[in-house]
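Okay, here's what each chain looks like letter by letter:
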Amino acid sequence: MKKIFVLTSILLGGVLMVAAQTRIEKKVATKASGYSVTYSLPKTTLLINVEVTKTTCKAGPYYKYAEKYLGVADAIAEDRVNYELGKLTLTNKGVPDADNVYTVEFRAGTVAPYVYLTEDGLLCSINAEYVPPAPSVEKAAENEEASKSSSAVFTEELLMAGSVVRQAEVAAKQIFHIRESRMDILTGDSENLPPDGEAMKLVIKKLEDEEAALTRLFIGMCTKETSYYDITLVPQEDLEEEVLFRFSRKLGILDADDLGGEPVYISLKAIERAPVLDPKEAEKKAKLMKGLIYNVPGKAQIEIKSGLKTLYKGEIQVARFGTTESLAPVLFEDKKNPVKIFFYPETGAIKQIIQ
């Protein structure tokens, strides 16, 4: 039976998302440990990361007069929140399988046998230093418009205006006055020009910020923030359009059983699967399994869809769809040239053998 867990974290615009780096431990096979090291083979866990962008729009207090004073016909007339599905990525994460724990034994006298394991006991390398892949870094989507306060633009004249209509009229006049002042500076017609180019940039930037803040009082303001949702899936068998989560443009990501959103489906089909052994074959193989036990994973095709739109499609290795094999103990007995082996800790498969 599959297990799905949803973890939510919100990242505002400009913040970096950094994947935690795997901690690696070196284990030396000493006399005290019987020249052996215990390790776990992983069971495949799929980590599905979903990017969701939340857009929050707020109407300005003078939205009714945006067209009259500024000629803007599409000003935001009411507050609203909208969610949009973004990029979806899938990675293979190995989790120790309690049913597949083994001990690799080295002969006494073997030259400095050592093993690199993850902190939870997954095999990374033997007789070779293991350097984990660099963590991924992804920049969240930046805000569409900075959520600066407009309070600084409420001048005494604007605050003293009695009605909303009068306030809108005063604010519009301030906007046009700022535009005229900026144009005079740029054309050199102003009586008080900034002393140098750097000062001019600062003055122009201040005028543009004031104009933008006043304009938001009419047309409103939209801001964006990006969230990332991690969904963990442990595949046991094939899946045919299983509901992974639900999504609502008004509410965002929802649990699979929450009918407030449209379903997002996942299909998983084994395309490379190890043959099932009969009891006699399985018993014979078990007797031959000596030395280092490792995974030969199978492969599955995965597709994630929302309606007719495909959000993700690809292939991934799945330990459960494969089998286990072993490397003979004699492989580790060469004192002059100890064999070096690298593994994929997320699948338990051999990556490289150097002899």
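This one's a predicted model, so the numbers in the text were calculated from it and none came from an experiment. (Residues numbered from 1 in each chain as written. Predicted model: local features only at pLDDT ≥ 70, side-chain atom pairs only at ≥ 80, totals over all residues. Heavy atoms only, no water.)

A.B. asks: Describe the packing of aromatic side chains, with residues and values.
C.D. replies: The full count for this structure, using the stated rule, is three aromatic pairs. Seen from their ring centres, Tyr39 and Tyr102 are 6.1 Å apart, and the 35° between their planes marks the pair as tilted. Of this pair, Tyr39 sits in strand β4 (residues 36–58) while Tyr102 sits in strand β5 (residues 80–105), and the two are 63 residues apart along the sequence. It is Arg273 that lies over the ring of Phe321; its NZ or CZ is 4.5 Å from the centre. (Phe/Tyr/Trp six-rings, centres within 6.5 Å; stacked < 30°, edge-to-face > 60°. Helix = DSSP H or I, 4+ residues; strand = E, 2+ residues; numbered from the N terminus. Lys NZ or Arg CZ within 6 Å of the ring centre and 35° of its normal.)

A.B. asks: A description of the state of the cysteines should follow, citing residues and the corresponding values.
C.D. replies: Scanning all chains against the criterion turns up one disulfide. The disulfide bridge from Cys57 ends at Cys222, spanning 2.1 Å between sulfur atoms. Linking Cys57 and Cys222, the disulfide has an S-S dihedral of approximately 105° and is accordingly described as right-handed. Residue Cys57 is found in strand β4, and its partner Cys222 is found in strand β9 (residues 221–233); the two are separated by 165 residues along the sequence. The residues Cys57 and Cys222 share a single accessibility class, namely buried. (Disulfide = S-S within 2.5 Å. Buried < 20%, exposed > 50% of the residue type's maximum accessible area, 1.4 Å probe, protein only.)

A.B. asks: Can you break down unusual backbone geometry residue by residue, with the values?
C.D. replies: Trans peptide bonds make up most of the peptide bonds, and negative phi angles are found at most residues other than glycine. Despite not being glycine, Asn127 shows a phi value in the positive range, around 60°. When you line up the elements, Asn127 lands in the loop between β7 (123–126) and β8 (137–139). What makes Asn127 buried here is its relative accessible area of 4%. A positive phi is found at Glu241, a non-glycine position, where the angle reads about 50°. Mapped onto the elements, Glu241 comes out in strand β10 (residues 239–248).

A.B. asks: Summarise the pairing of strand β13 (residues 292–306); cite the residues concerned and give the values.
C.D. replies: Strand direction decides the pairing type here: strand β12 (residues 262–272) and β13, joined by seven bridges, are antiparallel. Residue pairing for β13: Ser267 is matched across the bridge by Glu303. Where β13 meets strand β14 (residues 309–327), 14 bridges bridge the pair, whose relative direction is antiparallel. Within the sheet, the bridge partner assigned to Gln301 lies in β14 and is Glu315. Linking β13 to β14, which pair antiparallel, is a turn of two residues; within it Gly307 sits at a positive phi near 65°. (Pairing = 2+ DSSP bridges.)

A.B. asks: Report on the nonpolar core, specifying residues and quantitative values.
C.D. replies: Within the largest apolar cluster, 28 residues are counted, with the highest numbers of intra-cluster contacts made by Ile48, Val50, Phe245, Ile302 and Ile304. Listed by contribution, the elements that provide at least two residues to this core are β4, β5, β9, β10, β12, β13 and β14. Among the elements that make up this core, the one with the highest residue count is β14 (five residues). Not counting residues up to four positions away in its chain, the partners in contact with Ile304 are Ile48, Leu88, Leu244, Val264, Tyr265, Ile266, Lys309, Thr310, Leu311 and Tyr312. In this structure, Ala75, Ala171, Ile185 and Leu207 belong to the second largest nonpolar core, which totals 17 residues. (Core = buried A, V, L, I, M, F, W, Y, C linked by side-chain atoms within 4.5 Å. Contact = heavy atoms within 4.5 Å.)

A.B. asks: An account of helix α5 (residues 279–288) is requested, with residue identities and associated values reported.
C.D. replies: By the criterion of burial, α5 is predominantly exposed, with just zero of the ten residues buried. The N-terminus of α5 is capped by Asp278, whose side-chain oxygen sits 3.1 Å from the backbone nitrogen of Lys280. (Polar contact = N/O pair within 3.5 Å; in protein donor to acceptor, adjacent residues only side chain to side chain.)

A.B. asks: Let's hear about the sheet that holds β13: which residues, and what values?
C.D. replies: Strand order in the open sheet formed by five strands is β11-β10-β12-β13-β14, and the pairing between neighbours is antiparallel. This sheet does not close on itself; its edge strands, each paired only once, are β11 (252–254) and β14. Across the sheet, the mean angle from the axis of one strand to that of its neighbour is 30°, orientation sign disregarded. Sheet topology places β10 next to β12; six bridges connect them, and they run antiparallel. When the sheet's bridge partners are listed, Glu242 is paired in β12 with Ile266. (Axes fitted to C-alpha atoms, helices over the stretch in contact; angles between N-to-C directions.)

A.B. asks: Summarise the pattern of salt bridges; cite the residues concerned and give the values.
C.D. replies: A complete count under the given rule lists nine salt bridges for this structure. For Lys173, the salt bridge goes to Glu169, with nearest N and O atoms at 3.7 Å. Taken together, the residues Lys173 and Glu169, both in helix α3 (residues 164–187) and four residues apart, mark about one turn of the helix. Lys299 is the partner of Glu315 in a salt bridge, and the nearest nitrogen-oxygen pair spans 4.0 Å. With a gap of 16 residues between them, Glu315 in strand β14 and Lys299 in strand β13 connect regions that are remote in the sequence. On the basis of relative accessibility, which here comes to 48%, the residue Glu315 falls in the partly exposed class. Here the residues in one salt-bridge network are Arg166, Glu169 and Lys173, joined through shared partners. (Salt bridge = Lys/Arg side-chain N within 4 Å of Asp/Glu carboxyl O.)

A.B. asks: Describe the environment of Val81, and please don't skip the residues or the numbers.
C.D. replies: Of note, Val81 is situated in strand β5. Since its relative accessible area comes to 36%, Val81 is described here as partly exposed. For Val81, the contacting residues outside a window of four places in its chain are Lys54, Thr55, Thr56, Arg249 and Lys250.

A.B. asks: If you had to explain the side chain of Glu51 to someone new, which residues and values would you point to?
C.D. replies: Locating Glu51 in the fold gives a position in strand β4. The side chain of Glu51 is buried and forms no salt bridge, while Lys87, the nearest opposite charge, is found at 5.8 Å. (Lys, Arg positive; Asp, Glu negative; His and termini not counted.)

A.B. asks: Describe helix α4 (residues 197–219), naming the residues involved and giving the relevant values.
C.D. replies: An ideal rise of 1.5 Å per residue puts 33 Å on 23 residues; α4 measures up with 32 Å between its terminal C-alpha atoms. For α4, the full list of buried residues reads Ala199, Ile204, Leu207, Glu211, Ala213, Leu214, Thr215, Arg216, Leu217 and Phe218. As for α4, its buried residues are in contact with α1 (66–70), α3 and β9. Sitting at the amino-terminal end of α4 is Asp196, which places a side-chain oxygen 3.2 Å from the backbone nitrogen of Glu198. Downstream of α4 by one or two residues, Gly220 has phi in the positive range, about 90°. (Expected span 1.5 Å × (residues − 1).)

Nothing here speaks to function; it is geometry throughout.
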